[in-house]
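Fold and geometry: a report
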Amino acid sequence: MTEVYKHIHPSKYFNDYINQDVRPDGRDFDQQRDVIININGITSADASAIVKCGNTTVVCGIKLELARPKAEEPDIGFLISNVELLPLCSSKFRPGPPSDYAQVISNIVSDIVINSKCVDLKDLCVVTDKLAWVIYCDLVCLDYDGSIVDACIIALITSLKTLSLPTVTYDNETEEVKVDTGVKIPLQVHGLPVATSFGIYHKLPRNIILADPSAYEEEMCGGIGANLIVCWNKGLFCGIQKFGGCNLSTEDEKRTISLAKQRCKLVEQVIETCIKNGEVK
Amino acid sequence: MPLDYKRFNGPEDSVSYKRFTADYLKSYDELHSELIDETGHRKDGRAMDEARPMYVRGNFVSQAKGSSYIEMRGTKVVCSVFDPREIVHQNEFSTVGLLFCEVKFAPFACKRQRQSHVPDSEEKALSVALRKAVGPTVCCQLFANFQIDIFVYIIESDGSCLAAAITAAGLALANAAVPMFDVVTASSVAIIGDKIFIDPTEDEEHLAMISPDTNTNHGVITMARLNGLMQIADFRQIGSLDIECILKVTDILEQECQKVFPKIQKTLVGYVKNGIMEQKRLSEEGKAREAKLKDKMLEWRSSIVNNSV
């Protein structure tokens with residue numbers, strides 16, 4: 001019965017829940033969904049992580065390649081991350097080249113990771129002007145249920161943390177490259193950026209802030225994607241983005257920032273325990 | 001190659017580091033001798049006629065109408081099916097519904113090198129093969145002028161991808177409650193000389209394709225079967241084989257498909273059971289709520305009567 005009601009009166013259905021101070025999935029407004037991480041599940045990738053935030057599922061696989069560094073920056077390597085929103089993860093996405101939305105998400109994720117300087121690109125250089133590592137991080141969404149950026153960042157950072165680079169020997173004279181996969185050096189990851197998404201639902205007298213919105217809630221808050229993304233990096237504030245939707249008061253902004261800070265600590269713990277458990281195995 | 005402006009691209013000349021490892025430059029004979037050890041077991045410890053253990057589940061993608069996930073050790077496949085939708089840009093009425101299939105590899109799916117994002121011919125071929133294999137089982141005449149989308153994503157590929165994709169698509173279609181004639185399952189074998197590898201891994205498939213000698217039997221066969229109707233939905237053979245071998249392999253494949261069948265059935269029956277239980281629970285809850293409402297109504301009515309008296 002409720003399913004029918006949801007389709008006939010979508011906004012009234014949602015409003016009824018909000019008026020009772022609860023969300024359709026039973027969460028409080030500030031409550032976030034549980035995070036589940038699985039590392040190195042994919043053996044064909046050099047490092048991988050599968051992250052679930054509620055129903056949202058993101059898989060990150062890292063492939064390592066070698067290339068000549070750019071002539072203008074001979075001592076740095078490459079870190080390339082792409083987010084793929086597959087048509088199978090939601091009926092909102094169609095097959096073909098990435099949609100505008102997918103490109104926006106790709107950009108946000110890449111910006112956060114590069115700006116937080118969690119990987120020093122100089123570590124990726126093997127021989128100056130001759131050889132450098134290229135880290136291809138492909139993030140794939142298998143189930144789109146909102147707050148995709150949060151899941152992407154967690155998956156990316158977790159897999160970077162578990163990545164180790166094989167040793168490379170480069171002969172300057174013959175230009176011969178030899179890779180020894182027996183000896184691997186873990187990649188240094190300095191920071192730990194964590195993004196938190198919020199939806200802002202327009203309601204009088206005050207707008208309602210929904211932490212970690214699901215796909216349905218995002219839709220109710222005005223279109224596809226979260227309205228507000230706040231990013232913390234180990235106690236450092238590293239970015240805030242607001243996308244359309246309705247206005248945000250200063251108190252609400254402060255509250256979202258502190259909520260994001262709390263979540264940052266929590267996610268950090270989850271990642272640490274997960275990696276520790278993975279090492280024991 | 002045209003540049004992809006919609007994604008971040010790495011340097012053009014980058015090559016996988018595996019290219020420089022000692023394993024890369026092994027000859028055919030070396031690889032061939034590695035496949036089977038002295039006791040007649042394969043690299044992963046299986047016997048020649050032993051398929052990998054299979055993990056099957058439905059309802060994997062919350063946003064899809066029906067979906068499934070299949071894992072056979074190194075091969076991991078996700079499939080989702082959406083509601084039938086009207087065919088866009090079509091000027092003629094079609095009496096049968098269409099199936100649209102898309103198979104995609106994850107960029108990190110293959111051990112050897114990174115897959116490009118742009119769809120290649122292999123993905124296209126797999127998509128067509130999947131459509132042909134699933135087509136006979138869907139009651140297409142029931143949704144004229146509509147199309148059903150089937151998306152398959154190969155997260156990790158370690159051989160028998162097409163077989164896994166077909167089985168996953170069959171399960172996802174049933175999970176989405178699309179009218180079907182039968183459950184479709186698939187299985188594949190690789191043949192190198194007189195050896196038949198059931199449910200081959202990537203290495204075995206690779207060797208079966210590149211045999212330098214055309215006179216000996218070599219190739220990969222994938223067969224999809226409708227088990228209840230005992231019909232073959234699709235038969236796909238690559239490589240050169242003699243007829244006796246094909247006949248022999250067909251029997252083996254039939255048995256293998258039959259072995260997968262109960263697993264799919266069991267999963268589906270499980271979901272039907274859960275659905276019925278859920279419905280029962282909901283209707284009971286509804287009744288309880290109605291009874292409560294009725295009591296309240298009576299209370300309210302009696303209070304009005306009392307007040308007026």
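Check the entry above for the structure.
Now for a look at the structure at hand. Every value quoted in this text rests on a predicted model; they were computed, and no experiment measured them.

How each quantity is defined
- Residues numbered from 1 in each chain as written.
- Chains lettered and ligands numbered in written order.
- Predicted model: local features only at pLDDT ≥ 70, side-chain atom pairs only at ≥ 80, totals over all residues.
- Heavy atoms only, no water.
- Salt bridge = Lys/Arg side-chain N within 4 Å of Asp/Glu carboxyl O.
- Helix = DSSP H or I, 4+ residues; strand = E, 2+ residues; numbered from the N terminus.
- Buried < 20%, exposed > 50% of the residue type's maximum accessible area, 1.4 Å probe, protein only.
- Contact = heavy atoms within 4.5 Å.
- Buried area = accessible area lost by both parts, 1.4 Å probe.
- Nonpolar A, V, L, I, M, F, W, Y, C, P; charged D, E, K, R; others polar.
- Pairing = 2+ DSSP bridges.

**Topic: the pattern of salt bridges**
Counted according to the given criterion, the structure contains 28 salt bridges over all chains. Between Arg 27 of chain A and Glu 217 of chain A there is a salt bridge, and its shortest N-O distance comes to 3.6 Å. In this pair, Arg 27 of chain A is assigned in the loop between α2 (10–19) and β1 (35–39) and Glu 217 of chain A in helix α5 (residues 215–220), connecting sequence segments 190 residues apart. The pair formed by Arg 27 of chain A and Glu 217 of chain A is uniform in burial state, with each residue classed as buried. The salt bridge involving Arg 281 of chain B is made with Glu 278 of chain B; its shortest N-O contact spans 2.8 Å. Of the two residues, Arg 281 of chain B and Glu 278 of chain B are both situated in helix α5 (residues 243–308); the distance of 3 residues between them amounts to about one turn of the helix. Salt bridges linked by common partners bring Arg 23, Asp 25, Arg 27 and Glu 217 of chain A together as one network.

**Looking at the interface of chain B and chain A**
With 40 residues of chain B at the contact, the number on the chain A side is 50 residues. Interface of chain B and chain A: buried area, both sides summed, is about 3,900 Å²; carbon and sulfur atoms make up 59% of it. One can count 3 salt bridges joining chain B with chain A. For Glu 84 of chain A, the salt bridge goes to Arg 7 of chain B, with nearest N and O atoms at 3.1 Å. Looking at the side of chain B that touches chain A, the elements with two or more residues in it are β1 (15–16), β4 (75–81), β6 (98–105) and β7 (146–156) of chain B. In terms of residues, the side of chain B that touches chain A owes the most to one element, β7 of chain B, which gives 6 residues. Of the residues assigned to the side of chain B that touches chain A, the class counts are 18 nonpolar, 10 polar and 12 charged. When strand β3 (residues 56–67) of chain A meets β1 of chain B, the two strands line up antiparallel, connected through 2 bridges. Bridge pairing in β1 of chain B places Glu 65 of chain A opposite Ser 16 of chain B.

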